[in-house]
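Structural overview for review
As a plain string of letters, each chain reads:
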Amino acid sequence: MLITTGTVIGKYTILRQLGVGGMGAVYAANQDGLGRRVAIKVILPGLALDPRALREAEERFQREARTLAQLSDPNVVQIFDFGRHELHGQPFLYMVMEFIDGGSWDSLIGGHIKLGLPEHFAIARQAALGLAAAQDEKIYHRDVKPGNIMITRKGVVKVVDFGLSVDQANYQATGHQAKGTPPMMAPEVWEGQPSDQRTDIYALGVSLWQATTGKLPYTGTTLGEWMRHHCLTPIPHPVGLPANVTSVLQRMLAKHPEDRFQHHREVVEALDQLGTIPDLRPMVKSWFANPSVDQARLAKSIPAVDSSRPVNRRDRDAKGRGVIRLDEPIVIRIPIAAG
Ligand SMILES: Nc1ncnc2c1ncn2[C@@H]1O[C@H](COP(=O)(O)OP(=O)(O)O)[C@@H](O)[C@H]1O
Ligand SMILES: [Mg+2]
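Here goes a summary of the coordinates provided. Everything quoted here is computed from the prediction, not taken from an experiment.

1. Brief notes about the overall build of the protein
Assigned secondary structure in the protein consists of 11 helices and 15 strands. Among the 339 residues that make up the protein, the fraction classed as buried is 38%. In the protein, the proportion of contacts linking residues at least 24 apart, taken out of those at least 6 apart, comes to 66%.

2. Some details on the site of ligand 1
As a structural note, the neighbourhood of ligand 1 is formed by 18 residues, with Gly19, Gly21, Ala39, Ile100 and Asp161 the closest of them. Counting only elements with at least two residues in the shell around ligand 1, the list comes to strand E2 (12-20), strand E3 (24-31), strand E4 (36-43) and strand E6 (90-98). Of the residues that constitute the shell around ligand 1, the class distribution is eight nonpolar, seven polar and three charged.

3. Points about helix H7 (residues 223-231)
Every buried residue of H7 is listed here: Trp226, His229 and His230. Viewed along the axis of H7, the buried residues span an arc of 95 degrees, placing them on a single side of the element. In the core, the buried residues of H7 are packed alongside helix H5 (187-190).

4. A closer look at unusual backbone geometry
Its identity as a non-glycine residue notwithstanding, Arg142 has a phi of 70 degrees, on the positive side. Along the chain, Arg142 falls in the loop between strand E8 (139-140) and strand E9 (149-152). On the basis of neighbour count, Arg142 is assigned to the buried category, with 26 C-beta atoms found within 10 Å. Even without glycine at this site, Asp161 takes up a positive phi of about 65 degrees.

5. Observations concerning helix H10 (residues 281-289)
Among all positions of H10, only Met283, Val284 and Trp287 are buried. Each buried residue of H10 sits inside an arc of 95 degrees when the element is viewed along its axis, so together they form one side. Residues of H10 that are exposed and point more than 90 degrees away from the buried face comprise Pro282, Lys285, Ser286 and Ala289.

6. Regarding the sheet that holds E9
Here three strands make up an open sheet; going across it, the order is E7-E9-E10 and the pairing antiparallel. Each of the sheet's edge strands pairs with one partner strand only, and the pair in question is strand E7 (102-104) and strand E10 (157-159). Each strand axis lies, on average, 25 degrees off the axis of its neighbour in the sheet, ignoring direction. Inspection of the sheet shows E7 paired to E9 by three bridges, in the antiparallel sense. Of the residues in E9, the one forming a bridge with Gly103 is Ile151.

7. Focus: the pairing of E6
Pairing geometry for E4 and E6, over five bridges, is antiparallel. Considered in E6, the bridge of Lys41 is made with Met95. Two strands pair when backbone bridges link them, and strand E5 (residues 79-87) and E6 are joined in this way by eight bridges, in the antiparallel orientation. In the strand pairing of E6, His85 is matched with Phe92. Between the end of E5 and the start of E6, which pair antiparallel, lie two residues, with His88 showing a positive phi angle near 50 degrees.

8. Concerning the sheet that holds E3
Backbone-to-backbone hydrogen bonds pair the strands of a sheet. The strands run either parallel or antiparallel. The strand order E1-E2-E3-E4-E6-E5 describes an open sheet built from six strands, whose pairing is antiparallel. The open sheet has two free edges, formed respectively by strand E1 (8-9) and E5, since each of these has just one partner strand. As paired elements, E2 and E3 share seven bridges and run antiparallel to each other. Paired with Gln17 across the bridge in E3 is Tyr27.

9. Observations concerning the nonpolar core
Counting residues in hydrophobic clusters, the biggest one holds 75 residues, and the most contacted among them are Ile40, Ile123, Ala124, Ala127, Leu204, Met252 and Val267. Shared between two domains, this core holds at least three residues of each, these being domain 1 (8-98) and domain 2 (102-332). In contact with Ile123, other than residues within four places in its own chain, are Trp105, Ile149, Ile151 and Val157.

10. Observations concerning the packing of helix H3 (residues 117-136) against helix H6 (residues 197-213)
Each packed pair of helices is defined by two parameters, the angle between the axes and the distance between the axes. Contact geometry of H3 with H6 gives a least axis separation of 10 Å together with a crossing angle of 165 degrees. Between H3 and H6, the angle falls in the class roughly antiparallel. Along this stretch, H3 crosses H6, giving a crossing that reads as right-handed. Contacts between H3 and H6 involve Leu117, His120, Ala124, Ala127, Ala128, Leu131 and Gln135 from the former and Gln197, Asp200, Leu204, Leu208, Ala211 and Thr212 from the latter. Considering only residue class, the contact of H3 with H6 consists of eight nonpolar, four polar and one charged.

What counts and how
Residues numbered from 1 in each chain as written. Chains lettered and ligands numbered in written order. Predicted model: local features only at pLDDT ≥ 70, side-chain atom pairs only at ≥ 80, totals over all residues. Helix = DSSP H or I, 4+ residues; strand = E, 2+ residues; numbered from the N terminus. Buried ≥ 20, exposed ≤ 12 C-beta atoms within 10 Å, placed from the backbone. Contact = placed C-beta atoms within 7 Å. Near = placed C-beta within 6 Å. Nonpolar A, V, L, I, M, F, W, Y, C, P; charged D, E, K, R; others polar. Arc of directions from axis to C-beta. Pairing = 2+ DSSP bridges. Axes fitted to C-alpha atoms, helices over the stretch in contact; angles between N-to-C directions. Core = buried A, V, L, I, M, F, W, Y, C linked by C-beta atoms within 7 Å. Domains from an automatic or database assignment. Parallel < 35°, antiparallel > 145°, perpendicular 65-115°, else oblique. Left-handed = near helix turned anticlockwise from the far one by under 90°.

As far as function goes, none of this settles anything; it's purely spatial.
Shown next, in the form of structure tokens:
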């Protein structure tokens, strides 16, 4: 199934591809009639290796759409529409979202514009506000990372990609799986415990650590290494940060959820105490003055669509050992004791 510029999906005409993941892709499109720009995320059935994987992916996709429909917050991407369409005899699901004219936090980290600490705090703060709105609905994102936090041209931060999220109602059905992206996954996730907002606070802490120091707090290549670091390695000392920033980060990365901030609004308060939160608009303006540099850099990091690979990809390192891609979420099935 080929979706290219000009492909019509319902009321929407595809303009260009924005991103591609394990099971789907995101496109910029034009909503015919209203003439507004939207973003369309689709599940590509051609990528599913077996019907069960496709069914699971479709269920997850539908849950993601319902979750977004439940949330209405300036710091969470807004959903407009959801449906099924057929191209060349192949039916597939799609969701239509507000188009975020901007870029992701990860494209800013190490990009051509050097952000100051206060700007990174401002981004994390707005992300925490979006996650607080989710927490109010007992929705936990479970894949918080710089690639899923976007910034608009107007300096508004939007949390995207609720594809791994869970709410209390569907925890029974899906809670037996550890989900997330290994560098960001909190100890309780590795231990097969249920996630809550504190799991997202941990991942936001790792993201902010990466943004402010340029490095992840832990490094690893295999799942075992990541698990050991998150669960057992003492929290390192971030290099080059003031003491008050260090203590916020270390609290977010506490091994035990009870030792972290308990609510996203506590994270917001802690960030507010670090100093004046700047307006992000001037930064975004200079970022957009020359976006091609970072777009070229990011384009290289987007994995090509390859239907011969399994959904949760494992690559091989130089010695032929299986390694986990750091930029993609994984699902590990962990049996959890009843009760
Ligand atoms: N509403 C949107 N507007 C603009 N770009 C978007 C939007 N949603 C997603 N994207 C882009 O597409 C990429 C993949 O979207 P995401 O929802 O994270 O899907 P995946 O589950 O494949 O990671 C994002 O990292 C972002 O670059
Ligand atoms: Mg994503």
